[in-house]
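Read off the chains here:
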Amino acid sequence: MQRFDKTIPRETSASLKYDGRLETFGTNDILPMWVADMDFAVPDAVTEALQARASHPIYGYSIAPESLYQALIDWLLLKHQWPVKREWIVLTPGVVPSLNLVVAALTAENAGVIVQPPVYFPFLSAVKDQHRRLIENPLILEEDDLGNLHYQMDLSQLDNCAREASLLMFCSPHNPVGRVWLKDELLALLAVAKKHNLIILADEIHADLVYADTQHHTLSRLAFKNAPATSSIDAPHAIITAVSPSKTFNIPGLGLSALIIPDATYRQTIQSHLTKIAVSVTNPFSMIAFEAAYRGGADWLSELMAYLQATRDEAVAFIRAHIPKINAVCPEGTYLLWLDCRKLNIDDKALALFFVQEVQLGLSSGAMFGCGGKGFMRMNIGTPRANVMKALDRLKSALS
Ligand SMILES: Cc1ncc(COP(=O)(O)O)c(C=O)c1O
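Being a predicted model, the structure only gives us computed values, none of them experimental.

This part covers the overall build of the protein chain. Across its full length, the protein chain holds 14 helices and 15 strands. At 21 Å, the protein chain has a C-alpha radius of gyration in line with the 21 Å of a compact globule built from 400 residues. Taken over 400 residues, the protein chain has a buried fraction of 55%. Summed over its atoms, the accessible surface of the protein chain is roughly 17,200 Å², and 54% of this surface lies on carbon and sulfur atoms. Of the side-chain charges in the protein chain, 35 are positive and 41 negative, and the distance between the mean point of each set is 2 Å.

Here it is in structure tokens:
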């Protein structure tokens, strides 16, 4: 038995995914496959480091050690060939807070902010809650002769949108559709941004979770690589990248992430906004887990990706063979499966109810992800494979 096949009871661990079922779905009697954390034990290196820290009985205010920054720098260089300077790093208490922070700090009230839906819903709320103008550039969905679904960016429409926008919020890899953007797509996006002086906030929280035969390209690194030969490594440019070990190593509850901001002026502006809201960024446990994960989690991650890939392949094959009314978008990255349920021909409320009441499955409703999400559901497959297959078996029975 593989380590990821093990069932670890999470009920009564104050887990949102499990203990929040009643509040979210009106019942505890569902398999929870919604909020994006995994049902897997974290790397041993993380648990051991946390246990060692817990055994020191004082949990006072904290300050991030230089070794934590170095662990992130080493990871980004080794995993993504991205040389990041120490001073570019601003620690933040999570990527969602970072999205809001960057929108608030770098754009004016009512400024246009582009998002590419269907997209992780806090992108939409960050724009609305900060009283900026949401400019939607929906992804294009294509279906080939074999019924395979594929999403692309609408780059010519992006060019139009960029005329009236100051910021693009970019999700790479993309939640919920699972795209890992190709180098050419990213270069085309950079060309549009350059033409219109657009700042880009690249949320790369899923960067480490890509499947074999796919490669994640860090947008910021690509921009430097393709900058004129005269520009030095610290040439100012307008890409801010959000990174975090939280999805990669399954520690999102600990709440520590980073923004990589090469431009000194943007960095100071963002840092001073962060200071003004007086939020404590680090705590003794979040720091320990962050550093231990980046230093000691690489082998665990390789095993995880092999396991998730086998789950993804089995799940997609099962849906194709046995659930003709539903089409799965095969993700290139992330542990999220985007299910096209439009053939069921029911509205989103009825669709969500169908999954809860008839299938006893707690998924995320596609409608939450904005334009293009209607008729879709998002399924989190970061759970023992037996759970995923049990869920799909229930779905098959409910629809037959
Ligand atoms: C694209 C994306 N950004 C951010 C987050 C959440 O980040 P955090 O928990 O650090 O706020 C998620 C979680 O699913 C996500 O998918």
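Below, the discussion takes up the site of the ligand. Around the ligand sit Ala36, Gly94, Val95, Val96, Pro97, Tyr120, Cys171, Asn175, Asp203, Ile205, His206 and Lys247, and those are all the residues in its vicinity. For the ligand, an oxygen atom lies 2.7 Å from a polar atom in the backbone of Val95. Contact distances for the ligand include 2.7 Å between an oxygen atom and a side-chain N or O atom of Asn175. Summarising the interface, the protein chains cover 89% of the accessible area of the ligand, which totals 400 Å² for the free molecule.

Contact pair helix H5 (residues 95–106) / helix H10 (residues 264–276): the axes reach a minimum separation of 9 Å and the direction vectors enclose 115°. The orientation of H5 with respect to H10, classified from their angle, is roughly perpendicular. Considering how the two elements wind past one another, H5 and H10 form a crossing that is right-handed. Contact residues: H5 offers Leu101, Val102, Ala104, Ala105 and Leu106, while H10 offers Tyr266, Thr269, Ile270, His273 and Leu274.

Below, the discussion takes up the pairing of strand E7 (residues 167–171). Across the 5 residues of E7, 5 count as buried, placing the element largely inside the fold. Of the two faces of E7, both are covered, the one formed by Leu167, Met169 and Cys171 as well as the one formed by Leu168 and Phe170. Strand direction decides the pairing type here: strand E3 (residues 112–115) and E7, joined by 2 bridges, are parallel. In the strand pairing of E7, Ile114 is matched with Leu168. Pairing between E7 and strand E8 (residues 199–203): 5 bridges, direction parallel. Each residue of the ladder has a partner; that of Phe170, found in E8, is Ala202.

Moving on, we get to the side chain of Ser98. With respect to the helices and strands, the residue Ser98 is situated in helix H5. Here Ser98 falls in the buried class, since its relative accessible area comes to 1%. Polar side-chain contacts of Ser98 include one of 2.6 Å to the backbone oxygen of Gly94. Apart from residues no more than four positions distant in its own chain, Ser98 is found in contact with Thr92, Ser257 and Leu259.

So, about the state of the cysteines. Taken as a whole and assessed by the stated rule, the structure comprises 0 disulfides. Considering cysteine sulfurs only, Cys371 is the nearest to Cys161, which forms no disulfide, with 11 Å between them. Exposure remark for Cys161: the relative accessible area of 5% places this residue in the buried category. Lacking any disulfide linkage, Cys171 is separated from the closest cysteine sulfur, that of Cys371, by 16 Å. Accessibility expressed as a relative area gives 3% for Cys171, which makes it buried.

With that settled, consider the sheet that holds strand E11 (residues 327–329). Sheet strands line up and pair through hydrogen bonds in the backbone, either parallel or antiparallel. If you trace the 4 strands from one edge of the open sheet to the other, you get E11-E12-E15-E14, paired in antiparallel fashion. Lying at the two open borders of the sheet, with one neighbouring strand each, are E11 and strand E14 (364–365).

In this section: the domain arrangement of the protein chain. Once the domains are mapped, the protein chain shows domain 1 (3–42 + 298–399) and domain 2 (52–296). The C-alpha-based centres of domain 1 and domain 2 are spaced at 25 Å. Contacts between domain 1 and domain 2 engage 35 residues on the former and 39 residues on the latter. In terms of surface lost to domain 2, no three residues of domain 1 exceed Glu332, Thr334 and Phe369, which account for 22% of the buried area on that side. Taken together, domain 1 and domain 2 are joined by 1 salt bridge.

Cut-offs and rules
Residues numbered from 1 in each chain as written. Predicted model: local features only at pLDDT ≥ 70, side-chain atom pairs only at ≥ 80, totals over all residues. Heavy atoms only, no water. Helix = DSSP H or I, 4+ residues; strand = E, 2+ residues; numbered from the N terminus. Rg over C-alpha atoms; globule rule 2.2 N^0.38 Å. Buried < 20%, exposed > 50% of the residue type's maximum accessible area, 1.4 Å probe, protein only. Areas by Shrake-Rupley, 256 points an atom, 1.4 Å probe, with all protein chains shown as cover. Lys, Arg positive; Asp, Glu negative; His and termini not counted. Charge placed at Lys NZ, Arg CZ, Asp CG, Glu CD. Near = heavy atom within 4 Å. Polar contact = N/O pair within 3.5 Å; in protein donor to acceptor, adjacent residues only side chain to side chain. Axes fitted to C-alpha atoms, helices over the stretch in contact; angles between N-to-C directions. Parallel < 35°, antiparallel > 145°, perpendicular 65-115°, else oblique. Left-handed = near helix turned anticlockwise from the far one by under 90°. Contact = heavy atoms within 4.5 Å. Pairing = 2+ DSSP bridges. Disulfide = S-S within 2.5 Å. Domains from an automatic or database assignment. Buried area = accessible area lost by both parts, 1.4 Å probe. Salt bridge = Lys/Arg side-chain N within 4 Å of Asp/Glu carboxyl O.

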